[in-house]
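Here is what each chain is made of, one letter per residue.
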Amino acid sequence: MSSASLTAMTGERLEGRPQSLWADAWKRMRRNRPAVASALFLLWMSGTAALAPWLPGMPDPTLQHLALGATAPSTVHWFGTDELGRDLFARVVFGGRISLLIGFVGTLVSLLAGVSYGAVAGYRGGRIDDAMMRFVDILYSLPYIFLVILLLVFFSRSILMLFVALGLVQWLTMARIVRGQVLSLKQQTFVEAARALGIGDAAIIFRHLVPNTLGPVIVYTTLTVPAIILQEAFLSFLGLGVQPPAASWGTLVAEGARVMALFPWMVAFPGLALSLTLFCFNFLGDGLRDALDPHDRRDVH
Amino acid sequence: MTTYLLRRLLLFVPTLWIIGSLTFVLVRLAPGGPFQSEREIPAAAKAQLMRDYGLDQPLGTQYVRFWRNALHFDFGPSYKYPGRQVREIIAEALPVSAELGGWALLLALLAGIPIGVIAAVRQNTRWDFAAMAIALAGVSVPNFVLGPLLVLLFSLTLYLLPPALWQSPASRILPVVTLATAYVAYVARLTRAGMLEVLRQDFIRTARAKGLAERLVIMKHALRLGILPVVSYVGPAAARILMGSVVVESIFEVPGLGRYLVNAAFNRDYTLVLGEVLFYASFLMLLNLLVDVAYSWFDPRVELA
Amino acid sequence: MDDVFTFNIDAEPESYDPGLASGQPDGRVCRLLFEGLTREDPKTLEPMPGQAERWTLSPDGLTYTFHLRHGIHWSDGRPLVAEDFRWSWLRVLKPATGSRYASTLLPILNAARYNSGGLTDSSAVGIRAPDDSTLVVRLEHPTAYFLYLVQFYTALPVRRDVVERWGNTWTRPGHLIGNGAFTLSYWRQNEKFVFEKNPAYWDAANVKLRRIVGYTVEDLNTSTNLYKAGVFDWNPSGEIPSSYIPSMRRYADYRHGSFQAIYFYSINVTQKPYDDVWVRRALNYAIDRDAIANDLLKKSRDPWGNMTPAGYPGYERPPGFRFDPAYARECLSKAGYPGGRGFPMLRLMFNTSEDHRRIAEVIQAMWTRNLGIPVELQNQEWGSYMQATTSLNYDVARRSWIGDYLDPNTFLNIWRGGDGNNRTGWNDARYDALLDRASDELDPRRRMALLAEAEARLLDQCPVIPIYHYATHELVKPYVQGIYDTALDIHPLTHVWIDRDWKSRATQVAHDTRDMR
């Protein structure tokens, strides 16, 4: 059966029995071990980060021991200390509060905005597509540093502004990628068939076209997570993100990179946190895509 | 096709105009101005500088003058570096960024696409995991960590390569590799995703059923379509990479455009910022146009008009 | 390779036109290409004869007469005459030039009025060139450090016809004509400068270097790596990341010395509650400067409680701030905030930099712990930071000041009310009066005493919080001779030379250096 007609059928089935696709997907996800492990790990990290201030035994991330300075990992300080003698483990855990939040929410927002915008542009095509893509070009070309500075000037520092600043740029490339996919997909027969059946544009876009772009979309989304976390560090250098003495993984990695040859643990542990998070998102993303995909490879052959 | 091309090219004009005008306003809204320094410039000198650069004139006049000159590619002198024209600075730094970026992009494509294809074709095997692990490692280690790490290893420990400066061919290796690494990950992942989508489709099954060799199926039929997400990604990525990367340029002391733009923003060097933005925007739109044309070449079903 | 010296200028100079130059990188290039009436002794920075071979000062301390050497030329062979100096200095003072350091020449009679536009006739300014080899300079007040000003880069001579012909591209290689020990043969922005020995220089016989290459590397790690890899022969002060300084100490390449610069915080006295001197005193006494300098900065800097640096012969600094948390709390109570109760959020601002951030975090903790006041850190990018400090839109901000010449006045002058570099809003008639009296005082000892009184007043009213005294930390290859630590981090390169027999005299060399020589 062609992907087109199967999807059309799936779409129709959605109308009647909304549970089946998702329940089906859920079953598949559970079988995917790396995805499950990743999900659990992310949950555990998020939980620890969220509960950090109340966890017993958690050192104070802002307590300085100047005379101690930077020390290597030990039983007292699991990840070592930074140059102000602060416990690095605590700083990484607390840093995760900001970074994971930004990673999840920022990426989600960028995903939703980018996908909708790009799908509509690609589907409409012609002049509308041109106009919409030129708007993307405009936003892309404007000097980002100035946009951030002005956000600070007119709205002053807040977590909302942080999300605005992060959101300004991340969704643009996603929109472009989705648009490209949709341009190619919309010529397929299943779209004609759907239109012939009288299915409205919005439904076509969001129920039929978008799910078929999920592969690259999910991949790009998962890759966006570290980019957003690092972008927050850049913003904090401009005065918008976390301000010292608070830290995020991005600022910790940036700090640590400067003294890499002297105190490698200062970059290694936050960097590891960042990498692990990325890997988890990737496995989860892959798992999600495989689960939602109507054709699992094993079924076809 | 020609009408399409013409229409797109014509669109450049209003888009550039909007971008330039918005930037013109943005830079002037930011606090501070071009003539600030830790050591105060005497008021008389500052006033003179403002006059010299026409900054004492009403905004409308400045705006008109800016566009009139821009039409001749004259963006004026840099405010931070007296005696240097913005056009000169860009002309000097752009080839450097372009070379750095060009090599990096080439490396990213040459490494990323095969990795992605292999991963897709051998999905869920250890080839897949290995390829993806490499790609992911590349994107999760930021430039400003990877660069110094490579320098530490190859320059200061193994003495194989110079630690910085853009001079000998050997000195280009580390900056290019550092810059390319993140892009390799994107290209590899997007290729894999795109290929997976394509490999499921009917016409692939048909081709296989017809008895075509597997390699031919992949390379000739699947890759053309599977590579589309990479094509969409490469447009803006190429524009960004050609305009320089401030991190890589700082670490390796490459005289490219990236550092200029970032410093220009902090120094409120209005003219340099405007010049670079217009340049970048033109580049970006041109590349996007090429990418869109390429779509229709890769995927004959795509109709652009 | 043998007579070529390579170093890091530190950053791309904004302009190395002496009349327009402002920063350290600008100065480094200017000093290679031009020479003033006097030139710095490489060790002590004292004025030594340069283009002038001798000078006299009138008994009233107001008139200097400089006698130029015979046979001095520009690099194209044209003889250098006193009129060249006169024209160059007037150019600096002319408002239309937009010179940033015209302050160097303001002690000259009528110079200030001419520079501010109040006087349009340049011939009224106290500079005369009665003949080709004599320059007579008349001052407004006796100025003890005038000879230091004369060797500053703003006072270096430029060629009138070259400047007039080429306008603002006159400094390019091929256009530029100078009178210094070197000429400019190659320059590319953000890449490098190449200087060749100038055979027309009057002391060319004693210039041993054939060529100098200056790079403009801003990244500190990169600069140090290039030194380690053998590309740089000299990594000047400020080019070693501060965290690495302790690990450099064991190498013979490492040199350190005192540097006349002070790192401090300025307080916006126009903002409540910082208009209350007791609040300011509380802030000052609550800081443990020793912990900062010794523990955080690993002794790479000296804790400092004064606003003038060390190294002024004859100057006795008044007692400075010490760490006294109990007294600090008393001060705060006197101001009406016992235990910090009711104190508003203190915004501590600094421009983006790792070093500034760490110190700010430490001080934030100290103020919170010792005074009980809430402190918030504000990291700002350069432009916004400059704007906020100059427009007095801050509570407490990080600053630093580097001395221009070897006299305490260079640190005290900026705190006059209304001075462009003040940026605290502090305006104290008593302080200004003390400085005025000092500038009229001919007796050096009484003058120094007056300056010390002024500093005491400054510290008593404390619109500023001194933190540490800078030091120079540089790396110099063992085969380089002629570079010395100097108080102002000025290094004339004219008499530097490469010692090819250094190995026979070597003790220990930096590990990571490849032996490329």
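This is a predicted model, so every value here is computed, not measured. (Residues numbered from 1 in each chain as written. Chains lettered and ligands numbered in written order. Predicted model: local features only at pLDDT ≥ 70, side-chain atom pairs only at ≥ 80, totals over all residues. Heavy atoms only, no water.)

Bringing the confidence of the model for chain A into the picture now. Residues and elements named next belong to chain A. In the predicted model, chain A carries a mean pLDDT of 82, and 90% of its residues have values of at least 70. Within chain A, helix H10 (residues 249-258) carries the highest mean pLDDT (91), whereas helix H12 (residues 297-300) carries the lowest (38). Note on residues 1-18: pLDDT is under 50 here. Beyond four places in sequence and across chains, it has 22 contacts. Segment residues 296-301 is flagged for pLDDT under 50; beyond a separation of four residues in sequence, or across chains, it makes six contacts in the model. (pLDDT = per-residue confidence, 0-100. Helix = DSSP H or I, 4+ residues; strand = E, 2+ residues; numbered from the N terminus. Contact = heavy atoms within 4.5 Å.)

The next thing to look at is the pairing of strand S9 (residues 192-197) of chain C. Residue and element names in this part refer to chain C. In this sheet, S9 lies alongside strand S8 (residues 182-188) in antiparallel orientation, the contact comprising six bridges. The residue of S9 that forms the bridge with Thr-183 is Glu-196. Sheet topology note: the S9/strand S10 (residues 211-215) ladder contains five bridges and is antiparallel. For Glu-196, the partnering residue across the bridge sits in S10 and is Arg-211. (Pairing = 2+ DSSP bridges.)

If you walk through the whole model with that rule in mind, you get 49 salt bridges over all chains. One salt bridge connects Glu-83 of chain C with Arg-86 of chain C, and the closest N-O pair in it is separated by 3.4 Å. Of the two residues, Glu-83 of chain C and Arg-86 of chain C are both situated in helix H2 (residues 82-93); the distance of three residues between them amounts to about one turn of the helix. A residue is classified by how much of its surface remains accessible, and Glu-83 of chain C, at 31% relative accessible area, is partly exposed. Classification of Arg-86 of chain C as buried rests on a relative accessible area of 19%. Its salt-bridge partner being Arg-416 of chain C, residue Asp-436 of chain C comes within 2.8 Å of it at the nearest N-O pair. Here Arg-416 of chain C lies in the loop between helix H13 (409-412) and helix H14 (429-440) and Asp-436 of chain C lies in helix H14, a separation of 20 residues in the sequence. Salt bridges linked by common partners bring Asp-82, Arg-86, Arg-91, Glu-255 and Arg-258 of chain A together with Glu-354, Arg-357 and Glu-361 of chain C together as one network. (Salt bridge = Lys/Arg side-chain N within 4 Å of Asp/Glu carboxyl O. Buried < 20%, exposed > 50% of the residue type's maximum accessible area, 1.4 Å probe, protein only.)

As a further point, take the interface of chain B and chain A. On the side of chain A, 61 residues touch chain B, which itself brings 66 residues to the contact. For the pair chain B and chain A, the summed buried surface comes to about 5600 Å²; carbon and sulfur atoms form 66% of the total. The three residues of chain B that bury the most area against chain A are Leu-26, Arg-189 and Arg-200 of chain B, which together make up 11% of that side's buried surface. Put simply, chain B and chain A have four salt bridges between them. In this structure, Arg-179 of chain A engages Asp-292 of chain B in a salt bridge whose closest nitrogen and oxygen atoms are separated by 2.8 Å. Applying the counting criterion to the chain B and chain A interface returns eight residue pairs in polar contact (both at pLDDT 80 or more). Ranked by residue count, the leading element in the side of chain B that touches chain A is helix H1 (residues 2-29) of chain B, at 12 residues. Residues belonging to the side of chain B that touches chain A are distributed by class as follows: 44 nonpolar, seven polar and 15 charged. (Buried area = accessible area lost by both parts, 1.4 Å probe. Polar contact = N/O pair within 3.5 Å; in protein donor to acceptor, adjacent residues only side chain to side chain. Nonpolar A, V, L, I, M, F, W, Y, C, P; charged D, E, K, R; others polar.)

Attention now goes to the environment of Gln-364 of chain C. Tracing the chain through its elements places Gln-364 of chain C in helix H11 (residues 354-371). Taking relative accessible area as the criterion, Gln-364 of chain C reaches 9% and is therefore assigned buried. Separated by 10 residues in sequence, Gln-364 of chain C and Pro-374 of chain C place their C-alpha atoms 8.5 Å apart. Every residue in contact with Gln-364 of chain C, bar those within four places of it in the chain, is listed here: Pro-244 and Pro-245 of chain A together with Val-375, Glu-376 and Leu-377 of chain C. There is a polar contact of 2.9 Å between the side chain of Gln-364 of chain C and the backbone oxygen of Val-375 of chain C.

Now for the pairing of strand S7 (residues 134-138) of chain C. Residue and element names in this part refer to chain C. Where burial is concerned, most of S7 is hidden: four out of the five residues are buried. Of the pairings in the sheet, the one linking strand S5 (residues 63-68) to S7 comprises five bridges and is antiparallel in character. The residue bridging Thr-63 from the neighbouring strand is Arg-138, located in S7. Relative to S7, strand S6 (residues 127-131) runs antiparallel, the two sharing three bridges. Bridge pairing in S7 links Arg-128 to Val-136. In sequence, S6 turns back onto S7 through a hairpin of two residues.

Formed by 151 residues in total, the largest nonpolar core has its most connected members in Leu-209, Leu-235 and Leu-240 of chain A together with Tyr-233 of chain B. Looking at this core, the element that brings in the most residues is helix H7 (residues 169-199) of chain B, giving 16 residues. For Leu-235 of chain A, the residues in contact, after removing those within four places along its chain, are Tyr-144, Val-148, Leu-162, Ala-165, Leu-166, Leu-240 and Gly-241 of chain A. Judged by nonpolar contacts, the second largest core, of 78 residues, contains Tyr-101, Tyr-114, Phe-182 and Val-496 of chain C. (Core = buried A, V, L, I, M, F, W, Y, C linked by side-chain atoms within 4.5 Å.)

Our next topic: the sheet that holds S5 of chain C. Residue and element names in this part refer to chain C. Spatial strand order, S4-S5-S7-S6: four strands in an open sheet with antiparallel pairing. Looking at which strands have only one partner, the edges of the open sheet turn out to be strand S4 (52-57) and S6. The average angle at which neighbouring strand axes cross in this sheet is 20 degrees, direction not considered. Sheet strands in contact with H2 are S5, S6 and S7, and its direction is about 165 degrees off that of S6. (Axes fitted to C-alpha atoms, helices over the stretch in contact; angles between N-to-C directions.)

Predicted coordinates in regions of low pLDDT should not be interpreted in detail. Scored by pLDDT, chain C comes out at a mean of 91, with 97% of its residues at no less than 70. Note that pLDDT drops below 50 for residues 510-517 of chain C; the model gives that stretch 21 contacts with residues more than four away or on any other chain.

Our next topic: the packing of helix H4 (residues 88-124) of chain A against helix H5 (residues 126-141) of chain A. Each pair of packed helices gets described by two things: the angle between the helix axes and the distance between those axes. All names here are of chain A. The contact between H4 and H5 brings their axes to 7 Å, and the two run at 145 degrees. Judged by the twist between their axes, the crossing of H4 over H5 is left-handed. Residues Tyr-117, Val-120, Ala-121 and Arg-124 of H4 touch H5, and the partners they reach there are Gly-126, Ile-128, Asp-129, Met-132, Met-133, Phe-135 and Val-136. Considering only residue class, the contact of H4 with H5 consists of eight nonpolar, one polar and two charged. (Left-handed = near helix turned anticlockwise from the far one by under 90°.)

Between chain C and chain A, the residue contacts involve 23 residues of the former and 23 residues of the latter. Taken over both partners, the interface formed by chain C and chain A buries close to 1900 Å², and the fraction arising from carbon and sulfur atoms is 54%. Considering only the side of chain C, the residues that lose the most area to chain A are Tyr-244, Glu-361 and Asn-379 of chain C, jointly responsible for 27% of the buried surface there. In this assembly, chain C and chain A are joined by four salt bridges. Residue Arg-358 of chain C is joined to Glu-83 of chain A by a salt bridge in which the shortest nitrogen-to-oxygen separation is 2.8 Å. On inspection of chain C and its partner chain A, the count reaches nine residue pairs in polar contact (both at pLDDT 80 or more). Contributions of two or more residues to the side of chain C that touches chain A are made by helix H9 (289-296), H11 and strand S15 (375-380) of chain C. For the side of chain C that touches chain A, the leading source of residues is H11 of chain C, giving eight residues.

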